[in-house]
Amino acid sequence: MTTTTSDAGADPQPPEGDEAGDGPVVVAVVGPTATGKSALAVALALALEGEIVNADASALYRGMDIGTAKPTPAERRGVPHHQLDVLDVTQEASVAAYQQGARADLAAITARGRVPILVGGSGLYVRAALDHLDIPPTDPAIRARLQAEAAAQPAAGTAGLDSLRARLAALDPVAAQRIEPNNVRRIIRALEVIELTGRPFSATMPERRHLRPTVMIGLTLAREVLDARIQARTRGMWDAGLVAEVEHLLALGLERGRTARTALGYAQTIQQLRGVLSQTEAIDATAAATRRFARRQESWFRPDPRITWLPADAPDLLDRALDVVEAASTATAALPDAHGAMTDNG
């Protein structure tokens, strides 16, 4: 689609994509954490005869349920979900692997004559599933060398994270500006790609061009409302048994997992179990980190002009979302005109 707006009252234009196809458009529900994306996606799936594809990187992991606010079987209301529970906690999440699996799921759902609904807040994963994005190659030897440089103390020579940052700024100023200064993994990845391809890492960033007709719905909340939701949900995770969940995952090798162990809530719970943080400190640290993460999600999604933004706390949210989907549908999409009720689930 070419024209959408942050004003929920605007009329989105028909979606665009390189692969027109005869099936329905892809529906994507995106936005910050704790805005209720999962509940809206399930309600849309029930109304449109759809199936859901997860685009939350942490929800890929088996057993990481409470801390990721993964929809329970009851909350899924019989709607098939894909790209949930596909990795062990010792495995590293890969955008390339996710892209292959998610695109296959979207195609298979369409082939079954159902509506594919992508939902999640991991921005790069959303783009990998929906947009033109070529995943650059990897080289374990180069990555290991850069990791060693990043871990080295400045006194040991010219290595260290500061040196890697400076190198990236010289080789690719655009990427250096976009990547957070303390995001070691992304800095290393950028330098790895530059060394392997001879091209700027920023040149491999996804284009805002869908592979196939897609309508994107973003959920938004007032800052104070979102912060209150995050605080309440974080405390609720501890009440629901997050500590026991993490203890179980530690026995399965959670601390050996490069990506799973750093997930919000899990990293702080590990520190609580190791005596580094008290429970109150772990909850507060998780809530603060989640608020920062929500700001980054907003910064990622907000500039995308293809997204139609809706207030997440609107009492008629489902009807408004269905109106957006129906208005953006092409003649061949043939989406059902069925409005129903949704459950309250984040």
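Scroll up for the structure.
Residues numbered from 1 in each chain as written. Predicted model: local features only at pLDDT ≥ 70, side-chain atom pairs only at ≥ 80, totals over all residues. Heavy atoms only, no water.

Student: Got a minute to help me understand unusual backbone geometry in this structure?
Tutor: Backbone geometry follows two general trends: most residues other than glycine have a negative phi, and most peptide bonds adopt the trans configuration. One non-glycine residue, A34, lies in positive phi territory at about 70°. With respect to the element layout, A34 can be found in the loop between β1 (26–30) and α1 (37–48). The buried category is assigned to A34, whose relative accessible area is 6%. (Helix = DSSP H or I, 4+ residues; strand = E, 2+ residues; numbered from the N terminus. Buried < 20%, exposed > 50% of the residue type's maximum accessible area, 1.4 Å probe, protein only.)

Student: Any chance you could explain the pattern of salt bridges here in plain terms?
Tutor: Pairing between side chains of opposite charge can happen when their charged atoms approach one another. Tallying each qualifying case throughout the model produces 22 salt bridges. As a salt-bridge pair, E51 and R112 come within 2.7 Å of each other at their nearest N and O atoms. Placement of the pair is E51 in strand β2 (residues 50–54) and R112 in the loop between α3 (95–111) and β4 (115–119), with a sequence separation of 61 residues. Here D227 and R295 are joined by a salt bridge, their closest N and O atoms 3.0 Å apart. Of the two residues, D227 is situated in helix α9 (residues 223–239) and R295 in helix α12 (residues 279–301); the sequence distance between them amounts to 68 residues. One salt-bridge network, in which partners are shared between bridges, spans R127, D131, R208, D304 and R306. (Salt bridge = Lys/Arg side-chain N within 4 Å of Asp/Glu carboxyl O.)

Student: I tried to follow the sheet that holds strand β6 (residues 307–311) on my own but got confused; where do I start?
Tutor: Spatial strand order, β3-β2-β4-β1-β5-β6: 6 strands in an open sheet with parallel pairing. Only two strands of the sheet have a single partner each, and these edge strands are β3 (81–82) and β6. Summarising the sheet, β1 and β4 pair through 3 bridges and their orientation is parallel. Each residue of the ladder has a partner; that of A28, found in β4, is L118. Of the strands in this sheet, β1, β2, β3 and β4 are in contact with α3, which crosses β2 at around 180°. (Pairing = 2+ DSSP bridges. Contact = heavy atoms within 4.5 Å. Axes fitted to C-alpha atoms, helices over the stretch in contact; angles between N-to-C directions.)

Student: For this particular structure, what's the right way to read the packing of aromatic side chains?
Tutor: We describe a pair of aromatic rings using the distance from one ring centre to the other and the angle between the two ring planes. Tallied over the full model, the rule gives 1 aromatic pair. Seen from their ring centres, Y98 and Y125 are 4.9 Å apart, and the 55° between their planes marks the pair as tilted. Taken as a pair, Y98 in helix α3 and Y125 in helix α4 (residues 123–130) lie far apart in primary sequence, 27 residues in all. Accessibility classification places Y98 together with Y125 in one group, the buried group. (Phe/Tyr/Trp six-rings, centres within 6.5 Å; stacked < 30°, edge-to-face > 60°.)

Student: Sorry if this is basic, but what is going on with the environment of T204 here?
Tutor: Inspection of the secondary structure assignment puts T204 in the loop between α8 (184–197) and β5 (214–220). Linking T204 and I135, residues 69 residues apart in sequence, is a C-alpha distance of 7.4 Å. Residues contacting T204, with those up to four places away along its chain left out, are L133, D134, P136, V193 and R199.

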